[in-house]
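Summary of structural features
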Amino acid sequence: MAYEAVIGLECHVQLRTRSKMFCDCPAEFGAEPNSNVCPVCLGLPGALPRPNRAAVEAALRLALAVEGTVHPESVFARKNYFYPDMPKNYQITQYDRPLCEGGSLPVMIEGAERRFGLVRIHLEEDTGKSFHPERSGDRPVSRLDFNRAGVPLLELVTEPVFRAPAECSAFLTVLRRLVRWLGICEGSMEKGHLRCDANVSLRPVGAAAFGVKTELKNLNSIKGVERGLAAEIARQRSVLAAGGRLEQATLLYDTERDRLAVMRSKEYAHDYRYFPDPDLPVLRVSPAWLESLRSGLPELPWARAARFVAGFGLPAYDAGLLCEQRELADYYEELVEAGAPAKSASNWVMTEMLRHLKEQGLSVRQWRDKVRAPWFAHIIAQVESAQVTAFGGKSVLDEVMRTGADPDSIFVKRGTKVLNSTEELRPLVLEVLDEHRGVVGEVLRGRTRAFEFLVGQVMKKSRGQAVPQVVQELLHSELARRGGRPPGLRPKADRGPGS
Ligand SMILES: [Zn+2]
């Protein structure tokens, strides 16, 4: 029998606010253990929580971005459980009356846009963190850090809309980009800013009813989600194929070993005894508040990519890549506004700029401080109008990166221009042939590599100003004069050599 997978995701987004969800303690990361705590987040008797307006606004911004239905009234509830890392033994969350329901996230899958439906988005608080087992002298101990207790979290639950692990990783990539784009979360799964659990079941293709589902936890990277799901789908498939029965269970995926381990089997659903938190009033969102947030929302990444395609004539691939980060899309638009032709600007950003960022570990902002948009646009325009060769343009860009100097001063200092006449270039070619007689011999024996080396030497002598095509033609005709046509070498241009 053929089976299909049915997958739903539950994502936790740690909101980037200054203070915690229900108290004034800093929500920062990496402080001295148990230094950012107070009676509220430690759950001491009599302490009273107060909701953080910035966290509510962050959740509302996400809700608006995915076009969910924001409820004018929602309720904070207590989820009761034994929490080793939460001394009050309940978590404040939202239950039957969440902040937002519905909405969807548009995701490009194999060149087509699909919208994955959401069940809800609600607000809650994070728990503390436990470290165990550790040792104190000869005793095993667990240590607890309550700095994270009470940090604002947003929970986003999808409909069971995914049929393949790759769809889930595409969805998470888009969600991560969105929360960063909105500035509400740093979005690193590895650092736990964005966490994800997945529900997965199999059913015969064409069946409407769902099969028995299992829950995967501890998926701490986007690749891990994809691989964990693939492993669990394979496991369920083999159980069913052998005529076995699946049991509801919670599984942990070990990314390192690509292995699943049963954390607990769920014979019955947990009863958390939810009830409205009597310490917190109903959360009211007025139409005016919502409207002001809506008008402050930035242009969303998918809308921006569509505008880059329609307005600048960019291929969808370029537009998608440029809109990976809001700062990158902003910078690209600055280049075009400063006069760089749209498609060449996109090429320069995607190749030269992204390469520099990667090699030097720079952020877009750091790059922008060094290479101001009008400067970069000027270099691109100079190359585009054939005032400078692409090679020369790149080397000027390198120098701007290194020195922070204005490209015009570099152009003036270098006397940068295009050398494309054979009269100007022939002396350089002859010098290079003189200096590298051994290499010339290799070229005449048919070694293409050696020929490329000679081209590079002439380019270097011209300080990047020579047009490579003219150099190739000149070299070729000179070599042909010396030893007959070198085998395997053809001039790349249509024009004959030496014309
Ligand atoms: Zn506190």
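Residues numbered from 1 in each chain as written. Predicted model: local features only at pLDDT ≥ 70, side-chain atom pairs only at ≥ 80, totals over all residues. Heavy atoms only, no water.

1. A word on the overall build of the protein chain
Selection criterion: Counting from the N terminus, the helices are DSSP H or I runs at least four residues long and the strands are E runs at least two residues long. Atoms considered for the radius of gyration are the C-alpha atoms alone. The globule rule reads 2.2 Å times the number of residues to the power 0.38. Each residue's exposure class comes from its accessible area (1.4 Å probe, protein chains only) as a fraction of the maximum for that residue type: buried when under 20%, exposed when over 50%, partly exposed otherwise. The contact criterion used throughout is that any non-hydrogen atoms of two residues lie within 4.5 Å. Only four residue types enter the tally: Lys and Arg on the positive side, Asp and Glu on the negative side, with His and both chain ends excluded. Where a charge lies is defined by one atom per residue type: Lys uses NZ, Arg uses CZ, Asp uses CG and Glu uses CD.
Along the protein chain, the regular secondary structure elements total 16 helices and 17 strands. Here the protein chain has a C-alpha radius of gyration of 30 Å; the compact-globule value for 499 residues is 23 Å, and the former is much larger. With the C-alpha coordinates aligned to their principal axes, the bounding extent of the protein chain is approximately 90 × 55 × 55 Å. Among the 499 residues that make up the protein chain, the fraction classed as buried is 47%. Sequence separation of 24 or more characterises 68% of the internal contacts of the protein chain that already satisfy a separation of 6 or more. Here the protein chain contributes 68 positively and 63 negatively charged side chains, and the mean placements of these two sets differ by 3 Å.

2. Focus: the coordination of the zinc ion
Each donor-metal-donor angle would ideally measure 109.5 degrees in four-coordinate tetrahedral geometry, or 90 or 180 degrees in six-coordinate octahedral geometry. Note the following rule: Donor atoms (N, O, S) are those found within 2.8 Å of the metal centre, with the cutoff raised to 3.2 Å for Na, K and Ca; water is not part of the atom list, so apparent gaps in a site can occur. Any coordination sphere not matching a tetrahedral pattern (four donors, all angles between 85 and 135 degrees) or a square planar or octahedral pattern (four or six donors, opposite donors over 155 degrees apart, other angles between 65 and 115) is reported as irregular.
At this site the zinc ion is bound by Cys 23 (SG), Cys 25 (SG), Cys 38 (SG) and Cys 41 (SG), with donor distances of 2.3 to 2.4 Å. Between the four donor atoms coordinating the zinc ion, the angles at the centre fall across 100 to 115°, so the site counts as tetrahedral. Along the chain, the residues donating to the zinc ion are arranged with the sequence spacing C-x1-C-x12-C-x2-C. With Cys 25 in the loop between strand E1 (3-14) and helix H1 (53-65) and Cys 41 in the loop between E1 and H1, this residue pair connects regions lying 16 residues apart in the sequence. Residues Cys 25 and Cys 41 agree in their burial class; the two are buried.

3. Overview of the confidence of the model for the protein chain
The cut-off we apply is this: Residue-level confidence of the predictor is what pLDDT reports, using numbers from 0 through 100.
For the protein chain, mean pLDDT is 89; residues scoring 70 or higher make up 94% of the total. Confidence over residues 491-499 falls short of pLDDT 50; this stretch has twelve contacts with residues more than four positions distant or in other chains.

4. Focus: the pattern of salt bridges
Threshold: Just to be clear on terms, a salt bridge is a Lys or Arg side-chain nitrogen sitting within 4 Å of an Asp or Glu carboxyl oxygen.
Enumeration over the complete set of coordinates arrives at 36 salt bridges. For Arg 195, the salt bridge is made with Asp 126, and the minimal N-O distance between the two is 2.6 Å. Residue Arg 195 is located in strand E12 (residues 194-204), and its partner Asp 126 is located in the loop between strand E8 (112-125) and strand E9 (129-136); the two are separated by 69 residues in the primary sequence. For Asp 126, a relative accessible area of 3% corresponds to the buried category. Each of the salt bridges in this network shares a partner with another, and the network as a whole consists of Glu 299, Arg 304, Arg 307, Asp 330 and Glu 333.

5. A closer look at the side chain of Lys 88
Definition in use: A 3.5 Å cut-off defines polar contacts: any pair of N or O atoms within that distance qualifies, except that in protein one atom must be a possible hydrogen donor and the other a possible acceptor, and neighbouring residues in sequence count only when both atoms are side-chain atoms.
Looking at the element boundaries, Lys 88 is found in the loop between strand E4 (76-80) and strand E5 (90-94). Reaching out from Lys 88, the side chain makes a polar contact with the side chain of Glu 125 at a distance of 3.0 Å. Here Lys 88 is in contact with Val 40, Gly 43 and Glu 125, once residues within four sequence places are set aside.

6. Description of the nonpolar core
In plain terms, the rule: Grouping buried Ala, Val, Leu, Ile, Met, Phe, Trp, Tyr and Cys residues that are joined through side-chain atoms within 4.5 Å yields what is termed a nonpolar core.
Counting residues in hydrophobic clusters, the biggest one holds 73 residues, and the most contacted among them are Ile 7, Leu 9, Leu 60, Leu 62, Leu 123, Phe 171 and Leu 178. If one sorts the elements of this core by residue count, H1 sits on top with nine residues. Every residue in contact with Leu 178, bar those within four places of it in the chain, is listed here: Leu 62, Ala 65, Val 66, Leu 105, Leu 300, Pro 301 and Trp 302. By size, the runner-up hydrophobic cluster in this structure holds 39 residues, among which are Trp 348, Leu 357, Val 383 and Ile 410.

7. Describing the sheet that holds strand E16 (residues 275-276)
The test is simple: Criterion used throughout: strands pair if DSSP finds at least two bridges between them.
Strand order across the open sheet formed by three strands is E5-E4-E16, with antiparallel pairing between neighbours. Each edge of the open sheet carries a strand with a single partner, namely E5 and E16. Sheet topology places E4 next to E5; five bridges connect them, and they run antiparallel. Within E5, the residue paired with Arg 78 across the bridge is Ile 92.

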